[in-house]
Amino acid sequence: MAYVYDFTQGNKDQKDLLGGKGANLAEMTNLGLPVPPGFTISTDACRAFLAAGTEPDGLEEEVDAQLRALEARMGRRLGDAADPLLVSVRSGAKFSMPGMMETVLNVGLNDESVVGLATRNGDERFATDSYRRLLQMFGSTVLGVDSEAFGDRLDELKAARGVASDAELTAEDLRGLVEDFKVIIREHTGADFPQDPREQLRRAIRSVFESWNTPRAALYRRQERIPDDLGTAVNVQAMVFGNRGETSGSGVCFTRDPATGEPGVYGDYLPNAQGEDVVAGIRNTIPLAELARLDRASYDSLLAIMEQLERHYLDMCDIEFTIEEGRLWMLQTRVGKRTAEAAVRIACEMVAEDYIDRDDALLRVSGHQLIALMFPRFAPDPDRHPVATGMNASPGAAVGRAVLDTETAVAWAERGEAVILVRKETNPDDLAGMLAAQGVLTSRGGKTSHAAVVARGMGRTCVCGAEAIEIDLVNRRFQVRGGPVVEEGDMISIDGTTGEVFLGAVPVSDPDVVRRLEGEEVDDPVAVSVARLLGHADGIRRLGVRANADTPEDARRARRFGAEGIGLCRTEHMFLGERRHLIERLIVADDEAERQEALEKLEPLQRQDFGEILEAMDGLPVTVRLIDPPLHEFLPDLTDLEVRVALEDERHEEDRRDHVLLEHVRRLHEHNPMLGLRGVRLGIVIPGLFHMQARAIASAMADRIEAGGDPRPEIMVPLVVHERELTLVRGELEKVIGEVSADRGLDLHIPIGTMIELPRAALLADRIAATADFFSFGTNDLTQTVWGFSRDDVEAAFLPAYRDRGVFPVSPFESIDVDGVGKLVEIGSRLGRETKPGLHVGVCGEHGGDPESIRFFAEAGIDYVSCSPFRVPVARWEAARAVLARD
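Residues numbered from 1 in each chain as written. Predicted model: local features only at pLDDT ≥ 70, side-chain atom pairs only at ≥ 80, totals over all residues. Heavy atoms only, no water.

It is worth spelling out the overall build of the protein chain at this point. If you tally the helices and strands in the protein chain, you get 36 helices and 33 strands. Radius of gyration (C-alpha) of the protein chain: 32 Å, near the 29 Å computed for a compact globule of 887 residues. Expressed as lengths along the three principal axes of its C-alpha atoms, the size of the protein chain is roughly 105 × 65 × 55 Å. Partitioning the intrachain contacts of the protein chain with sequence separation of at least 6 by distance along the chain shows that 69% fall at a separation of at least 24. Of the roughly 35,300 Å² of accessible surface on the protein chain, 48% is carried by carbon and sulfur atoms. Computed over 101 positive and 150 negative side-chain charges, the inter-centroid distance for the protein chain is 2 Å. (Helix = DSSP H or I, 4+ residues; strand = E, 2+ residues; numbered from the N terminus. Rg over C-alpha atoms; globule rule 2.2 N^0.38 Å. Contact = heavy atoms within 4.5 Å. Areas by Shrake-Rupley, 256 points an atom, 1.4 Å probe, with all protein chains shown as cover. Lys, Arg positive; Asp, Glu negative; His and termini not counted. Charge placed at Lys NZ, Arg CZ, Asp CG, Glu CD.)

So, on to the packing of helix α6 (residues 147-161) against helix α7 (residues 171-189). Following both chains from N to C, one finds α6 and α7 inclined at 150 degrees, their axes separated by 10 Å at the closest point. Taken together, the axes of α6 and α7 are roughly antiparallel relative to one another. By crossing handedness, the relation of α6 to α7 is classed as right-handed. Contacts from Ala-149, Phe-150, Arg-153, Leu-154, Leu-157 and Arg-161 in α6 reach Asp-173, Leu-177, Asp-180, Phe-181, Ile-184, Ile-185 and His-188 in α7. Counted by class, the contact of α6 with α7 contains eight nonpolar, one polar and four charged residues. (Axes fitted to C-alpha atoms, helices over the stretch in contact; angles between N-to-C directions. Parallel < 35°, antiparallel > 145°, perpendicular 65-115°, else oblique. Left-handed = near helix turned anticlockwise from the far one by under 90°. Nonpolar A, V, L, I, M, F, W, Y, C, P; charged D, E, K, R; others polar.)

Take the pairing of strand β11 (residues 317-324) next. Within β11, eight of the eight residues are buried, which leaves the element mostly enclosed by the surrounding structure. Residues Cys-317, Ile-319, Phe-321 and Ile-323 of β11 are buried on one face, and the alternating residues Asp-318, Glu-320, Thr-322 and Glu-324, pointing to the opposite face, are buried as well. One ladder, built from six bridges, connects strand β8 (residues 249-256) with β11; its direction is antiparallel. Bridge pairing in β11 places Ser-250 opposite Thr-322. Summarising the sheet, β11 and strand β12 (residues 327-335) pair through eight bridges and their orientation is antiparallel. Residue pairing across strands places Glu-320 opposite Gln-332, the latter belonging to β12. Between β11 and β12, which follow one another and run antiparallel, lie two residues, and Glu-325 among them has a positive phi close to 50 degrees. (Buried < 20%, exposed > 50% of the residue type's maximum accessible area, 1.4 Å probe, protein only. Pairing = 2+ DSSP bridges.)

Residues other than glycine seldom take positive phi values, yet Arg-225 does so here, at roughly 55 degrees. For Arg-225, the position within the fold is in the loop between α9 (215-224) and β7 (232-238). We classify Arg-225 as partly exposed; its relative accessible area is 26%.

It is worth spelling out the sheet that holds strand β33 (residues 864-867) at this point. Here eight strands make up a closed barrel; going around it, the order is β26-β27-β28-β29-β30-β31-β32-β33 and the pairing parallel. This sheet shows a mean twist of 30 degrees between the axes of neighbouring strands, independent of strand direction.

Attention now moves to the packing of aromatic side chains. Scanning the model with the defined rule gives 14 aromatic pairs in all. Their ring planes at 25 degrees and their centres at 5.3 Å tell us that Trp-787 and Phe-789 sit as a pair that is stacked. Judged by centre distance (5.3 Å) and plane angle (75 degrees), the rings of Phe-789 and Phe-798 are edge-to-face. One aromatic cluster in this structure is built from Trp-787, Phe-789, Phe-798, Tyr-802 and Phe-808. Here the guanidinium or amino end of Arg-221 rests over the ring plane of Trp-212, the centre of that ring lying 4.0 Å away. Positioned over the ring face of Phe-502 is Arg-384, at 5.0 Å from the centre of the ring. (Phe/Tyr/Trp six-rings, centres within 6.5 Å; stacked < 30°, edge-to-face > 60°. Lys NZ or Arg CZ within 6 Å of the ring centre and 35° of its normal.)

Written out as structure tokens, the structure is:
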């Protein structure tokens with residue numbers, strides 16, 4: 001098995017083997033673009049290393065052979081004392097993980113070769129600057145020295161010299177800094193910086209392999225749902241230098257604006273700098289357009305290459321480049337990360353430009369991005385003024401308490417606080433804080449800095465480079481230059497669309513996308529494009545989309561969002577508020593007459609509820625789930641009631657109603673109520689309860705028919721685990737429906753089905769289907785019972801630890817557990833349809849609105865999903881993408 005490949009040996013379709021960076025470097029090489037030569041160590045080698053803990057047999061020999069070939073091509077030897085070849089060592093996984101793994105530049109420099117580099121180029125400052133960069137990067141990434149040790153010493157030197165930028169330090173300054181950095185390495189590691197260039201290379205490669213399993217990389221993969229077993233490739237490439245003076249520099253650019261999708265010249269450039277300076281955000285960049293003034297020839301060449309790459313990849317490209325003394329070099333390209341707004345605009349404009357078709361456009365915008373477009377925005381207010389403005393790095397509206405480090409962000413978020421992470425610049429170790437925060441604000445960096453790239457990828461609001469903000473970590477606050485002081489914990493608001501920063505909590509409003517989907521006339525081009533693409537999606541998808549709605553308002557909103565009915569109407573929600581006392585009377589009734597009186601008072605209220613919902617969904621199915629939760633949930637808390645009764649006894653009060661109530665609460669109290677008296681069991685044990693609901697549904701249906709409507713109710717019996725349960729309840733329900741039909745002179749047809757939400761029901765679905773008109777999988781309870789988890793308890797207790805330890809990549813309550821719960825859905829559907837071909841099967845758990853789960857349900861042959869009204873457009877969108885991905 002070969003482990004190492006020259007850039008001339010690959011192409012962009014080999015990301016599994018070469019990683020994204022290596023595959024695209026090979027592709028640019030094949031296109032004849034100016035790419036510094038090099039080679040890629042494959043992901044196979046990384047996986048073998050991670051499995052064995054050491055380099056696989058033959059890898060060292062292959063690297064040596066490729067290095068000799070590179071040396072022959074360049075006419076220089078790695079680390080040669082007179083004329084050294086220097087290389088970069090960079091990670092590059094199949095899926096982009098910006099900043100999460102290691103990079104080491106200038107490998108090959110040592111105390112001797114730095115003199116040769118200075119002599120050959122006639123520039124001691126450049127050579128010494130390159131050496132201090134190697135010491136800093138190698139020390140922190142390979143040797144594990146805290147990066148702040150180097151950063152603090154650099155800041156001290158700049159302060160002592162009275163300069164703002166490291167580019168202003170002299171060669172003599174940098175010589176002293178090199179010696180200081182070597183001392184830092186010796187003090188922190190107990191050993192000197194390695195002078196052998198080949199040892200540097202070997203250890204840098206090993207460090208990149210090991211960085212696949214760093215906590216920040218693992219956290220990023222969990223967030224982005226990237227498999228843990230892919231490994232990373234390693235790219236070894238001849239160095240080109242952007243830090244060789246004012247005719248050199250490095251930059252990052254995009255073929256379209258990654259924040260808005262607008263065509264144009266977008267990117268950041270830093271004169272006299274290496275590429276890591278740009279993405280780290282440690283110096284504020286200048287706009288890419290400024291390059292036209294500094295170096296017109298390189299600027300024109302770059303624009304031509306940008307256009308060539310976009311046409312070749314048929315997508316917006318993210319490009320890293322270096323200019324070395326007026327010569328342009330391409331260091332990386334990839335399909336660029338973008339905001340949700342940009343994704344929609346770019347996809348639709350590329351359709352108009354005949355790059356792609358509308359099917360491709362749908363595939364390029366994920367359901368998660370559509371969700372982001374539906375997030376609230378700040379309400380317009382001409383009297384509102386920002387205290388600072390930065391770059392609009394990732395759009396959205398974020399409101400929270402200012403926190404100044406990752407640890408605080410995580411801790412405060414865990415206690416329920418909304419926070420905004422405020423930093424000078426973020427680094428990969430800030431990922432946990434960025435995930436915990438509602439938004440990110442930095443005082444340094446641009447649209448291509450670490451904070452901007454990662455925030456866009458995660459859908460977090462981000463404002464970068466707000467230079468007026470001066471952060472004081474010692475006193476835990478930041479000062480707005482010429483303005484107020486903001487203490488940690490103060491409320492702030494950031495607008496990632498405009499780059500504005502506000503004091504206090506700014507009110508938010510529905511975005512244009514939501515207003516357009518609800519039928520308002522909105523001119524916003526992104527909102528119009530989303531509506532058009534959703535219409536296209538509806539013509540492709542095979543999966544139906546209904547909504548979970550319990551009120552007429554929810555039903556009407558769901559219909560505006562495109563729901564094709566209600567897949568779950570929870571009737572227990574109708575017994576809250578002022579009606580709660582009627583359920584309480586039903587439970588504590590001393591005799592049948594009292595119970596019947598309570599039922600008679602509840603029935604007209606339920607009838608009105610169902611009538612209003614049927615009216616809102618006229619002509620579409622409405623699946624009404626009969627009351628499901630344990631009845632004790634409608635009674636006072638046992639402990640509170642016992643205390644109240646004890647106090648009444650102490651006061652010798654004569655009113656005994658609380659004592660009677662306590663007896664009933666104790667009788668109904670269960671240690672595990674979710675597996676107790678609920679669902680179908682209530683209908684069998686509590687006389688009249690299901691009768692009342694069925695009569696209310698049937699009567700509401702008759703009312704609507706007589707009013708000229710087209711009501712289509714369905715009755716769903718919850719928590720069935722045995723076919724006899726459904727047979728008993730169905731017989732009683734049909735009797736009630738028949739009575740109402742006879743009374744009203746109408747032929748009322750109401751399908752009766754069941755929820756499949758227990759493993760036994762799924763495994764014996766063929767028996768249950770004999771009595772059911774339809775199935776609806778309740779994946780919330782099915783997940784609880786398959787895993788043996790109580791959702792309300794385990795989310796905080798141990799699910800985070802399970803994710804961290806790799807038991808599962810994402811909570812099974814968030815995205816369907818395909819191997820376990822998903823398998824039961826497939827088995828239950830197949831068995832049910834074996835008994836009753838054409839059996840209608842739906843899903844009404846929270847998974848019905850999760851993009852990944854929707855794709856699974858579409859592939860599993862489910863007829864429809866039901867989700868919250870807000871998620872209906874997402875389900876429509878992802879159902880179409882599932883068809884396109886399969887076809």
